[in-house]
Every structure is written in structure tokens, then in C-alpha cells.
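Fold and geometry: a report
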Amino acid sequence: MSSLKTDRIYQGNCVEVLDSLPAASVDVIFADPPYNLQLGGELLRPNNSRVDGVDDDWDRFQGFADYDDFTKGWLTACRRVLKDTGTLWVIGSYHNIFRVGTVLQDLGFWVLNDVVWRKTNPMPNFRGTRFTNAHETLLWCSTGPEARYTFNYEAMKALNDGLQMRSDWSLPLCTGPERLKDEAGRKLHPTQKPESLLHRVILASSNPGDVVLDPFLGSGTSAAVAKRLCRRWIGIEQDPDYVAAARARIQAVRSVDDPALCATPRKRAEPRIPFGTVVERGLLAPGTVLSDASGRWSARVRADGTLISADHRGSIHQVGAAVQGAPACNGWTFWHMRVEGDQTLVPIDLLRQRLRAEMTGGGTGESEAAGEALQ
């Protein structure tokens, strides 16, 4: 089996190129295939100016059967190069996404989510004969119903200001300086996707060093974002003008200097730290008084790593829940301690962060922040 060569654009037919790559070698595939828009003629604005839509040969098919054959061919090739733990994203509109979905399921892919990209600045419906088409759909799939795959849940939650990320994403179309133009000032590619959309896709479903493949690279958005996020990438594109523009665009992208800044570790993967470890390490002495952030409830630390309040005793979680009359409590974030020589209250979770950094060979980031807060 030949070795996989990454961080490059392969010019040619996507199925032929995919067939030349090693099997089970890719972690994530993002595909933005032709939509088969079935346009019936020129589209004009109310002032009779022509809308610069998609009328390229690569979006023309003889009919639905022809498009289905095309879809089955590239998806079959993608499935061969995708790792068992990998995932596939396909974006489309109402013109094609339902047909793509049928082929995906027929080939054994398992749909994890259909994500609606709601465009905050959609193109109006100039003829006034339909609703304004203001969204596109992304299908996110694993290789099967039991397959293990990457989903950086905490990263998506952090990206959404601490709220669980939903499957409807409000993001603008690609405009302004991000939109690539040709020498005449016209859009270089009619369906260039915004980098914000690919940032979310790649951050959600891959890790630094993973291989992200795009079989319809176009202007190179997926590869540019993958490079910036410290992922390896492969692009396939048959149009020489698009290839040249994508290469120049990707070459200008700088990866993050410290790959750790692109990592999104899952909380479940972090080492477990019992509260008793904090006590036996001397970071909190027996008898230390802890309180909630408001100072309403308090408890004292016992030598065995449990807490005792006026009416309750048990773990940091049990006592935290009991004093509130709540069914459960995260004691690490509920209980606070006073910084030595100050009246500031800080969560005891800072101590857990310090110990985790020591266990994983850290010393920067959260561990430094924890140390500074306790000084």
C-alpha cells in the first residue's frame, strides 16, 4: 500500500484520484459537490441586471439518473479511503441533498446529523414566485451505526458561549475580502463557502494532525481552514484555474504556531482527580472553610477529603447538592475557597486543573492560570 501524501492539491477527476489513495487513510471528508441546480435560463434582478449564478459545465447533468450515478461513484470512492473511525460531511441544497442522502444510506453511511446552515444574508428571490432560499443542508455521517468517531462536544459548546451547539447554524455567506475575485473583479468561484462554516465543521469532527480531504476543492476553503487549525489536508480539483487560485490562497495561510492551541481535549479524556488528592497534597488543609460563590452556604474540609456542613457530610458533590436541596451538584465548580491574603473567592476546580497539568506533563495554559489565581 502506497503512503499517503498530504498537504497537496491533486488536479484531476475526483474518483480517479480517490482510487489512487491508500484505503482507510483519511479522518474527515468534506464534500461540496455540484448541486445539479437545473437552471432554466438567465436570472435577472428587478433592474434587469444579470445575476451571477451557477451556469458552469461542471453543474450540468443529463437528468436525475445521471446525477445519481455520479453521486454513487464519488461517495463509493470516498468510503474506501475513509477510516472506520472517520466521518463524512456533504453540503447541498434542496436540488440535490435528498438524492445524496439516499445514496449515502444505500452505501451504508450512518447519518449523525443534518445541519441547517441558515444564511444571515441570503440572495433574494428576485422573481417573487417562491420563498427566499435562505439555507443549505449539511449531512454529517459516520461509517456505520456502531462506528466510533470524533466529536469535540466541549469545543462546540465553548464556541457557542457555553451553550450546547444546535444543528441550525446562522452564518453569513462568503463576502468582502474573503471572496476570491479574478482579474476582472468577478467572483472566482460561484459557490465559495465561508471559512466560518468550515471552521465549525473541522473543529467539531477532527483533531490536530488528522487528515481532512475535500474531493471538490474549488477555491480551497476547506484546505485553508484545515491548515490554519493544524490539520493535514488533501484537495482534489479538476479545474486548473481553481487549482491555481487555491494553491495561492493556501500558501498564504499561516498555521497556528503552537498546535496545542488548536487541540480540543474532551473532559472525559482528562485524568480523574479525587478531591482527596487535593487534601493529601496539602493544597487544602483539613479545617479549611469552603463556601459557594455567594457565601450563602459553607462547609469545612475533612482529612479524608469529605466535607462537613451544619447539617450534612459527604463528598464535595453530595454536600453541595444537599445544602441546595438539589438532585445533583458539581462540587468542583460549586465550592469556592478564599485566596490567601485576599478576600477573593475562586472555585476549587483551579486546584484540580493544577494537578491535571502535572499529571499530563503540562505547565502552561490552565495550570499557569490556576497558579496565578491562587497567588
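Our subject is the structure listed above.
What you are looking at is a predicted structure, and each value in this text was computed from that prediction instead of being measured.

Conventions we followed
Residues numbered from 1 in each chain as written. Predicted model: local features only at pLDDT ≥ 70, side-chain atom pairs only at ≥ 80, totals over all residues. Heavy atoms only, no water. Helix = DSSP H or I, 4+ residues; strand = E, 2+ residues; numbered from the N terminus. Buried < 20%, exposed > 50% of the residue type's maximum accessible area, 1.4 Å probe, protein only. Contact = heavy atoms within 4.5 Å. Areas by Shrake-Rupley, 256 points an atom, 1.4 Å probe, with all protein chains shown as cover. Patch = residues over 30% accessible without salt bridge, like charges linked within 9 Å, V, L, I, M, F, W, Y side chains within 5 Å. Salt bridge = Lys/Arg side-chain N within 4 Å of Asp/Glu carboxyl O. Axes fitted to C-alpha atoms, helices over the stretch in contact; angles between N-to-C directions. Parallel < 35°, antiparallel > 145°, perpendicular 65-115°, else oblique. Left-handed = near helix turned anticlockwise from the far one by under 90°. Nonpolar A, V, L, I, M, F, W, Y, C, P; charged D, E, K, R; others polar. Phe/Tyr/Trp six-rings, centres within 6.5 Å; stacked < 30°, edge-to-face > 60°. Pairing = 2+ DSSP bridges. Expected span 1.5 Å × (residues − 1). Arc of directions from axis to C-beta. Disulfide = S-S within 2.5 Å.

Scanning the chain from terminus to terminus reveals 12 helices and 14 strands. Counting only residues that meet the buried cut, the chain has 43% of its 375 residues in that class. The long-range share in the chain, meaning contacts at least 24 apart out of those at least 6 apart in sequence, stands at 66%. As displayed, the chain has an accessible area near 20000 Å², and 49% of this comes from carbon and sulfur atoms.

Residues Tyr149, Phe151 and Tyr153 make up a contiguous nonpolar surface patch of about 260 Å² in total accessible area. Here tyrosine 153 is to be found in helix α4 (residues 153-159). A relative accessible area of 30% places tyrosine 153 in the partly exposed class.

We now examine the packing of helix α2 (residues 64-81) against helix α3 (residues 97-106). The geometry of α2 relative to α3 is characterised by a closest axis approach of 10 Å and an angle of 45° between their N-to-C directions. Here α2 lies oblique to α3, going by the angle between them. For α2 against α3, the interelement crossing comes out right-handed. Counted together, Phe64, Tyr67, Asp68, Thr71, Lys72 and Leu75 of α2 and Arg99, Val100, Val103 and Leu104 of α3 form the full contact between these two elements. Of the residues assigned to the contact of α2 with α3, the class counts are 6 nonpolar, 1 polar and 3 charged.

In total, this model carries 11 aromatic pairs according to the counting rule given. Between tyrosine 67 and phenylalanine 70, the ring centres sit 5.9 Å apart and the planes meet at 45°, which makes this aromatic pair tilted. Placement of the pair is tyrosine 67 and phenylalanine 70 together in helix α2, with a separation of 3 residues, close to one helical turn. Take tyrosine 67: its relative accessible area is 1%, and that puts it in the buried class. Between the aromatic rings of tryptophan 297 and phenylalanine 334, the centroid separation amounts to 6.2 Å while the plane-to-plane angle is 40°, which identifies the pairing as tilted. With tryptophan 297 in the loop between β9 (289-291) and β10 (298-301) and phenylalanine 334 in helix α10 (residues 331-334), the pair connects residues that are 37 residues apart, well separated along the chain.

Our focus in this paragraph is the environment of leucine 82. Here leucine 82 shows up in strand β3 (residues 82-92). Separated by 59 residues in sequence, leucine 82 and alanine 23 have C-alpha atoms that sit 7.0 Å apart. Apart from the residues within four sequence positions on either side, leucine 82 is in contact with Ala24, Val26, Asp27, Val28, Ile29, Thr87, Leu88, Phe109 and Thr143.

Reading across the sheet, the 8 strands line up as β1-β8-β7-β2-β3-β5-β4-β6 and stay open at both edges, with mixed pairing between neighbours. The strands lining the two open edges of the sheet, one partner per strand, are β1 (8-11) and β6 (168-171). If you compare each strand with its neighbour and ignore which way they point, the axes differ by 20° on average. Summarising the sheet, β3 and strand β5 (residues 135-142) pair through 6 bridges and their orientation is antiparallel. Bridged to threonine 87 within β5 is serine 142. Sheet strands in contact with α3 are β3, β4 (110-119) and β5, and its direction is about 165° off that of β3.

This part covers α2. End to end, α2 covers 26 Å across 18 residues, agreeing with the expected 26 Å (1.5 Å per residue, within 8%). All buried positions along α2 are accounted for by Tyr67, Thr71, Trp74, Leu75, Ala77, Cys78 and Val81. The arc that holds every buried residue of α2, seen down its axis, measures 160°, which confines them to one face. Looking at α2, the residues exposed on the side facing more than 90 degrees away from the buried face are Ala65 and Asp69. Summarising the contacts, the buried residues of α2 are in contact with α1 (14-20), β2 (26-31), β3 and α3.

In a disulfide, the sulfur atoms of two cysteines are covalently bonded to one another. One pass over the structure, following the stated rule, counts 0 disulfides. Just so you know, cysteine 230 is unpaired, no disulfide at all, and the nearest cysteine sulfur is the one on cysteine 262, 3.5 Å from it.

The final tally for this structure, using the stated rule, is 11 salt bridges. The shortest N-O distance in the salt bridge between lysine 83 and aspartate 27 comes to 3.0 Å. Pair noted here: lysine 83 is in strand β3 and aspartate 27 is in strand β2, with a separation of 56 residues, a long-range link. Residue arginine 228 is joined to glutamate 195 by a salt bridge in which the shortest nitrogen-to-oxygen separation is 2.9 Å. Taken together, the residues span a long stretch of sequence, with arginine 228 in helix α6 (residues 221-228) and glutamate 195 in helix α5 (residues 195-205) at a distance of 33 residues. In the salt-bridge network here, residues are joined through shared partners; they are Glu195, Arg228 and Arg249.

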